[in-house]
Amino acid sequence: MRFRRFILPSLLLLCVARPQRATAQATAWSPPSPQTYSSSREIDRLIVLPDGTLWAKTSGGALRLQNGEWKKFNAAPAELGAPLPPLKWRGQTVSASIEGLAVGTRPVPLPNSSGTHISALLPRGSVLWAALFGDGIWAWDGAKWSGPPLQLPDQAREITSLAQSANGQLVWAGTRRQGVWQYSDGTWKQHLEPNEPFAHNIQYLQSYRGALWGSTLEDGLVIRDAKGWQHIGKGTLSSNAPRQMVVFAGKLYVRHSNEVVDQFDGTTWKRNVFPTLPRKQIISMAADNKRLYLGQWGGWSEWDSKTFSHHLRIPELQIVPLQHIVPDGNDVWLGTENRGLFHWKRATQTLEHSDERNGLPDHWITGIKRTGNTVFVGTFGSGLAIRNDGEKIWQAPTELKQTGITALVSDSTGNTWIATRYGLFCCTPQGQIQARNASLDPDEREIQTLLPTPTGLWLGNRNNLLFRPYTVLK
């Protein structure tokens, strides 16, 4: 269905762009052709085939070691999808739990280790090796535990899987963040793929100084420009869980899950740059050419590079977390998790409230975007709301009914791109809502964030980071 069917034709001039105030910045780097980027550092599973080939299932695909050469794949082969048979050792079935081992019906407590749990098992003849996550590899001989038979490098102690060659001379350990490690001749060797993102579970994308910046779930920031990939983590940042980035007055501001904000001026990082706000928890950010907006509990603050102005005493917003804040000329849109949508009109100092009574399909707002004379609002699980300027009632297109909206962006041609957990959609300037998933594999459609460039669209999802030119997004 086209949403133009249920709004006045005179309001369909979506191509007529209302002046937008946005911070000027260099275009994000983008490749010349469709690309899929994933990290191979997080190893989920190791399997050695009868011919000696080692397969490593990663969180974004797979690695194969064959005849001494590594190759990366963006999808796992069938061998890695099949369930593993029960582990047998000394004729008994062995399994691991958070408490320890189960050898047949016999429980075996964990050894006195700093490890949190047994994360992988490997039979080695008369002993059973067990990886204690965060510590190392211990050996169980059927009667007692013995200390680590192999001294692991510190960065290889978060083991997720173990495997060995047919003759037992080679041992491989897969880790949570540091790739595959190989043990032979008394030494450990780390195998990492060159020129790939450190992590790929992308939460937010931003352009800054011509480079693409991505925030990950719990691995800091990944950065891509024409020279390759970079990584910035905790130590430089206030946490490894950045959530949002905006550019204001030539500086990059990074909001973390711990609700503090860091600042980067292109040379120097400053952590927790707004420690004296009346309400310290910063839960959303936005910027235009005049101000940096910081959404908080019960209101927001505005920073013009010199002084703050605070909007923290508006009665309707008290005890309401502002999960989304979007400047719109002199006005401000405010999205919440449980109170719907607010529109602050600066000229009259009034607050307009929208919820289900005004046509919103849900009171949990996940995104706000203006394209021309139309405002698009995404909700957590009930689809999209659309309203043209001058209207009071929001319309909910049936094409996205009961769909969770994760991101909203627009390109220079007037298209509004809509990210969901199930794929990518586009609302054209003519008001048609279309699925645009032909260039996306099924496991590439859980989209979490979008960033438009002049030539194509960046899509960040749970499994990888994608670039798709507009020419293939049909």
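See the structure shown above.
Our subject in this report is the structure included herewith. (Residues numbered from 1 in each chain as written. Predicted model: local features only at pLDDT ≥ 70, side-chain atom pairs only at ≥ 80, totals over all residues. Heavy atoms only, no water.)

**Things to note about the nonpolar core**
Formed by 16 residues in total, the largest nonpolar core has its most connected members in Trp129, Ile137, Leu150, Leu152, Ile159, Leu162 and Trp188. Those elements that provide at least two residues to this core are β10 (118–124), β11 (127–132), β12 (136–140), β14 (159–164), β15 (171–175) and β16 (180–184). Beyond its immediate stretch of four places on either side in the chain, Trp129 contacts Ala120, Leu121, Leu122, Arg124, Ile137, Trp138, Ala139, Pro149, Leu150 and Val171. Counting 14 residues, the second-largest nonpolar core is a separate cluster that includes Ile202, Trp229, Leu451 and Phe467. (Core = buried A, V, L, I, M, F, W, Y, C linked by side-chain atoms within 4.5 Å. Buried < 20%, exposed > 50% of the residue type's maximum accessible area, 1.4 Å probe, protein only. Helix = DSSP H or I, 4+ residues; strand = E, 2+ residues; numbered from the N terminus. Contact = heavy atoms within 4.5 Å.)

**A word on the environment of Tyr37**
Relative to the elements of secondary structure, Tyr37 occurs in strand β1 (residues 35–37). Assessed through its relative accessible area of 11%, Tyr37 is described here as buried. Along the primary structure Tyr37 and Glu196 are separated by 159 residues, whereas in three dimensions their C-alpha atoms are 7.0 Å apart. Ignoring any residue separated from it by four or fewer positions in sequence, one finds Tyr37 in contact with Trp29, Pro31, Pro197, His200, Arg224, Trp229, Trp458, Asn464 and Leu465.

**Here we look at the packing of aromatic side chains**
Two measures describe an aromatic ring pair: the distance that separates the ring centres and the angle between the ring planes. Per the counting criterion, the structure on display carries 20 aromatic pairs. Arranged with centres 5.3 Å apart and planes meeting at 45 degrees, the rings of Trp55 and Phe73 form a pair that is tilted. Linking Trp55 in strand β3 (residues 54–58) with Phe73 in strand β5 (residues 69–73), this pair joins segments that are 18 residues apart in sequence. Looking at Trp55, the relative accessible area reads 8%, which means it is buried. Each residue in the set Trp29, Tyr37, Trp229, Trp458 and Phe467 is aromatic and connected to the rest through ring pairs, giving one cluster. Of note, Arg124 hangs over the ring of Trp129, and the distance from its end group to the ring centre comes to 4.5 Å. The ring of Trp29 carries Arg224 above its face, with NZ or CZ at 4.1 Å from the centroid. (Phe/Tyr/Trp six-rings, centres within 6.5 Å; stacked < 30°, edge-to-face > 60°. Lys NZ or Arg CZ within 6 Å of the ring centre and 35° of its normal.)

**Section: the layout of surface pockets**
The volume enclosed by the second largest pocket comes to roughly 580 Å³. If you trace the second largest pocket, you find 22 residues lining it, with Leu46, Leu84, Leu87, Leu121 and Leu162 closest to the centre. Here the residues of the lining of the second largest pocket are counted per class, giving 15 nonpolar, 4 polar and 3 charged. (1 Å grid on protein atoms, 1.4 Å probe; cavity = no way out; pocket = protein on both sides within 12 Å on 5 of 7 lines; lining within 4 Å. Points joined across faces, edges and corners; volume = space filled by probe spheres on them. Nonpolar A, V, L, I, M, F, W, Y, C, P; charged D, E, K, R; others polar.)

**Describing the pairing of strand β27 (residues 292–296)**
Each regular strand shows side chains that alternate between the opposite faces of the sheet. For β27, the buried fraction is high: 5 of the 5 residues fall into the buried class. Side-chain alternation along β27 places Leu292, Leu294 and Gln296 on one buried face and Tyr293 and Gly295 on a second face that is also buried. The pairing of strand β26 (residues 284–287) with β27 spans 4 bridges and is antiparallel. For Ser284, the partnering residue across the bridge sits in β27 and is Gly295. Hairpin connection, β26 to β27: the antiparallel pair is bridged by 4 residues. Here 5 bridges tie β27 to strand β28 (residues 299–303), and the two strands are oriented antiparallel to one another. Counterpart to Leu292 in the pairing with β28 is Trp303. Hairpin connection from β27 to β28: 2 residues lie between these consecutive antiparallel strands, with Gly298 at a positive phi of about 80 degrees. (Pairing = 2+ DSSP bridges.)

No statement about biological role is implied by the geometric values presented.
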